[in-house]
Amino acid sequence: MSLFWILKLSSFISILAAENVFKVHGDETVVLFKSKKYYVWFLVDHKTNLIVAQHASKYRDL
């Protein structure tokens with residue numbers, strides 16, 4: 001009886017599992033512009049190496 005429930009539950013979980021996982025990598029860069037530091041963050045797609053998002057700030061804690 002327990003094997004039946006394990007098989008049924010595993011098939012249900014496999015339906016809910018995400019197949020197309022969107023993976024990104026974060027990159028932080030410091031840019032000097034007119035002797036002031038700016039922090040620039042990029043989110044890069046894992047498969048295509050395209051920039052998905054970017055953010056620039058004077059502060060690193062943002």
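Structural notes, computed from the coordinates. For every chain, the first residue of the written sequence is number 1, and numbering continues from 1 along that sequence. Local features are withheld for residues below a pLDDT of 70 in this predicted model, meaning they are given only at 70 or higher, and side-chain atom pairs are given and counted only at 80 or more; totals for whole chains, interfaces and linings count all residues. Side-chain numbers here rest on the full set of heavy atoms in the structure, without hydrogens or water.

**Digging into the sheet that holds strand S2 (residues 36-45)**
No. 1: The pairing criterion for strands is at least two bridges between them, as found by DSSP. Runs of H or I in DSSP of at least four residues are treated as helices and runs of E of at least two as strands, each being numbered from the N terminus. In space, the 3 strands of this open sheet follow the order S1-S2-S3, with antiparallel pairing throughout. Edge positions in the sheet fall to strand S1 (24-33) and strand S3 (51-57), since each has one partner strand and no second. Strand-to-strand twist in this sheet, taken as the mean axis angle between neighbours without regard to direction, amounts to 20 degrees.
No. 2: Direction of pairing for S1 relative to S2: antiparallel, over a ladder of 10 bridges. Residue pairing for S2: Phe33 is matched across the bridge by Lys36. Axis geometry follows a simple rule: fit a line to the C-alpha atoms, using only the stretch in contact for helices, then measure angles between N-to-C directions, giving values from 0 to 180 degrees.

Read these as geometric descriptors, not functional statements.
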